Each structure stands twice: as C-alpha cells, then as structure tokens.
Amino acid sequence: MFSVFEILRDNWLLLLIGQYPNGPMGGIVATLTLSILGIVLAFPLSVLMALARLSPWRVLRWPATVLVYVVRGVPLLMVILWVYFLVPLLIGREISGFTTMLCTLVIYEGAYLSEVVRAGILALPKGQTEAARALGHSHLGTMWYVILPQALYNMLPSMLSQFISTIKETTLGYVINVNELTFAANQINNQLLTKPFQVFFILAMTYYVVCFSLTQLAQWLERRIAYKRLGVAPAAATEGGGSLPPPVAANP
C-alpha cells in the first residue's frame with residue numbers, strides 16, 4: 001500500500017494534466033474536458049433528434065429513428081473506429097485522436113441523450129400540449145415554449161448521469177492514443193513495469209471518486225426537483241438535520 005502513495009506522489013502531475021505544458025494536455029483534466037465538450041455539443045443534437053422522433057412528419061421521424069437505433073445498437077468502440085477511419089476520408093486530412101474521440105462522443109451521446117429528452121417530453125401530462133395548442137401554438141411552438149423547458153428541467157439528474165457515463169466511456173480513447181487519464185496511467189505503468197496493480201488501482205480509485213461525487217450530486221438534484229414538483233421546500237424537509245425523506249405523493 002505504501003508503494004501506491006509513492007507512485008501517486010511521484011506522478012500526480014502526469015495523472016492530473018499529462019505532459020502539459022511540455023506536451024499535450026492529458027490526465028484527468030483532458031478526460032473531464034473531453035466529457036464536458038462531448039455532452040455540451042451532443043445536447044443540441046439530442047434535442048433535434050428527440051423532436052424529430054416525436055414529429056408528426058415521417059420525413060423527419062424515420063431517419064432520426066434509424067440513426068438512434070443504429071448508434072445505440074453498436075458498441076462504442078465500433079463508432080470510434082468508424083469515425084477514426086471515415087472522417088479523414090470525408091475532409092481529406094488527418095485529425096487528432098482528441099478530435100476523433102470528441103466527434104465520436106457527440107454522435108454516441110447525442111443518440112443516448114435523445115432518448116432521455118424524448119422520455120422527458122413523453123412523461124409530461126398530455127394536458128400541457130393540449131392547452132398550448134388550444135392557445136394557438138403550432139406543434140413546434142408548443143414544444144419550444146411549453147414542453148421543452150419543463151422536460152429539460154426534469155431531466156437534469158438523468159443528463160448528469162449520462163455525463164458520468166461519458167467520463168467512463170472516454171477510457172476507450174486509449175485505443176486511438178487520446179492522451180486522457182487511462183493513457184497517462186499506462187505511461188506510468190510502462191515506466192515502472194513492476195507495479196501494474198498499484199498503478200491501475202490508483203486509476204480505478206480516481207474514476208470512482210469523480211463518478212461517485214457526481215452521482216451524489218445527481219441524487220441531490222433528483223430529490224430537489226421531486227420536492228419542487230410537490231411544492232415542498234427542501235430546507236423545511238431537512239430541518240433538524242438528516243437526509244431528505246422520499247417524497248410522498250398527494251392523495252387523489
């Protein structure tokens with residue numbers, strides 16, 4: 001166990017930022033940067049795909065449905081290889097591993113997030129849509145001004161959970177030499193040669209701490225949103241200390 005602390009003491013900077021500033025940004029900073037950019041860029045794509053899947057027009061609904069099912073039906077590694085070999089052919093020049101992985105995450109997470117968005121929209125009472133249409137809103141106007149703001153707020157915990165999954169999915173960038181946290185850990189392992197268990201134990205614990213912290217945040221958001229739906233102030237519910245009790249639905 002002492003060797004774990006020695007490895008961490010000698011290589012924490014490599015695990016944190018990679019070889020920067022003498023090389024590309026790497027480590028946990030590159031992992032989080034890649035994950036954040038992937039989710040942020042995938043979000044508008046996911047909203048468009050979700051709206052297309054719920055559209056009354058087949059010309060929009062069918063292509064979006066096919067795209068979602070194809071992307072969700074193949075392993076992420078396969079999508080990485082498709083992007084790695086296809087994008088240079090389309091644009092006529094090579095792209096970096098970081099850009100390749102970012103494009104992959106945008107496509108992959110866009111498909112998964114679109115189902116989260118679609119589920120959030122379908123979970124709203126139909127009366128919301130009927131009331132908006134009765135007020136004269138078109139289908140697109142109803143979605144944009146009435147349905148989406150409510151659905152996206154309710155989906156914040158699910159979107160944060162998807163972000164946690166994205167952090168873990170970035171580990172596959174190692175196969176195309178993306179300089180992220182797993183790549184940095186492997187560099188340390190290649191230097192030491194005799195302590196692979198200790199190195200990858202540090203890697204596993206780093207992922208666990210990051211993902212567990214974000215999971216706790218997602219649960220806190222979920223409880224807060226649940227209490228806001230019921231009109232209960234979280235501060236009042238937790239008066240006297242302790243965790244929030246589960247929300248109880250009102251009797252019909």
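These numbers come from a predicted model, not from an experiment. (Residues numbered from 1 in each chain as written. Predicted model: local features only at pLDDT ≥ 70, side-chain atom pairs only at ≥ 80, totals over all residues. Heavy atoms only, no water.)

Each helix and strand counted, the protein chain has 11 helices and zero strands in total. Mapped from its N terminus to its C terminus, the protein chain presents α and β elements in the order α-α-α-α-α-α-α-α-α-α-α. Overall, the C-alpha framework of the protein chain stretches about 70 × 60 × 30 Å when taken along its three principal axes. Out of the 252 residues in the protein chain, the part that is buried amounts to 40%. Considering only intrachain contacts with a sequence separation of at least 6, the fraction spanning at least 24 residues in the protein chain is 69%. Surface summary for the protein chain: the accessible area is close to 14600 Å², and the carbon and sulfur share equals 67%. Of note, the protein chain has its 15 positive side-chain charges centred 11 Å away from the centre of its 10 negative side-chain charges. (Helix = DSSP H or I, 4+ residues; strand = E, 2+ residues; numbered from the N terminus. Buried < 20%, exposed > 50% of the residue type's maximum accessible area, 1.4 Å probe, protein only. Contact = heavy atoms within 4.5 Å. Areas by Shrake-Rupley, 256 points an atom, 1.4 Å probe, with all protein chains shown as cover. Lys, Arg positive; Asp, Glu negative; His and termini not counted. Charge placed at Lys NZ, Arg CZ, Asp CG, Glu CD.)

Attention shifts here to the layout of surface pockets. Taken as a whole, the largest pocket spans an internal volume of roughly 220 Å³. Lining of the largest pocket is provided by Leu-54, Ile-121, Leu-122, Leu-124, Pro-125, Lys-126, Thr-129, His-139, Met-143 and Ile-147. The residue makeup of the lining of the largest pocket, split by class, is seven nonpolar, two polar and one charged. (1 Å grid on protein atoms, 1.4 Å probe; cavity = no way out; pocket = protein on both sides within 12 Å on 5 of 7 lines; lining within 4 Å. Points joined across faces, edges and corners; volume = space filled by probe spheres on them. Nonpolar A, V, L, I, M, F, W, Y, C, P; charged D, E, K, R; others polar.)

Below, the discussion takes up the nonpolar core. The biggest cluster of nonpolar side chains holds 39 residues, and the ones touching the most others in it are Leu-15, Val-117 and Ile-121. Breaking this core down by element, the ones donating at least two residues are α1 (2-17), α2 (27-53), α5 (97-123), α7 (139-154), α8 (156-169), α9 (181-192) and α10 (196-230). In terms of residue count, the dominant contributor to this core is α10 (eight residues). Ignoring sequence-local partners within four residues, the contact set of Val-117 consists of Ser-46, Val-47, Ala-50, Leu-148 and Met-155. (Core = buried A, V, L, I, M, F, W, Y, C linked by side-chain atoms within 4.5 Å.)

Right, let's get into the packing of aromatic side chains. According to the stated counting rule, one finds five aromatic pairs in the structure shown. Judged by centre distance (5.1 Å) and plane angle (85 degrees), the rings of Tyr-84 and Phe-85 are edge-to-face. Residue Tyr-84 is classed as partly exposed on the basis of its relative accessible area of 35%. Ring geometry for Phe-197 against Phe-201: centres 6.1 Å apart, planes inclined by 20 degrees, an arrangement best described as stacked. Taken together, the residues Phe-197 and Phe-201, both in helix α10 and four residues apart, mark about one turn of the helix. Since its relative accessible area comes to 64%, Phe-197 is described here as exposed. Positioned above the aromatic ring of Tyr-112 is the side chain of Arg-72, whose terminal nitrogen or guanidinium carbon lies 4.9 Å from the ring centre. (Phe/Tyr/Trp six-rings, centres within 6.5 Å; stacked < 30°, edge-to-face > 60°. Lys NZ or Arg CZ within 6 Å of the ring centre and 35° of its normal.)

This brings us to the confidence of the model for the protein chain. With 90% of its residues at a pLDDT of 70 or more, the protein chain shows a mean pLDDT of 82. Per-element confidence in the protein chain ranges from a low mean pLDDT of 50 for helix α11 (residues 234-237) to a high of 91 for α2. Low confidence marks residues 236-244, where pLDDT is under 50. Its contacts with residues over four positions away, or in another chain, come to nine contacts. Note on residues 247-252: pLDDT is under 50 here. Beyond four places in sequence and across chains, it has four contacts. (pLDDT = per-residue confidence, 0-100.)

Moving on to the pattern of salt bridges. All told, the structure shown has three salt bridges when counted by the stated rule. Arg-118 is paired through a salt bridge with Glu-115; the nearest N and O atoms lie 3.1 Å apart. Note that Arg-118 and Glu-115 are positioned in helix α5 at a spacing of three residues, about one turn of the helix. Given a relative accessible area of 22%, Arg-118 falls into the partly exposed group. (Salt bridge = Lys/Arg side-chain N within 4 Å of Asp/Glu carboxyl O.)

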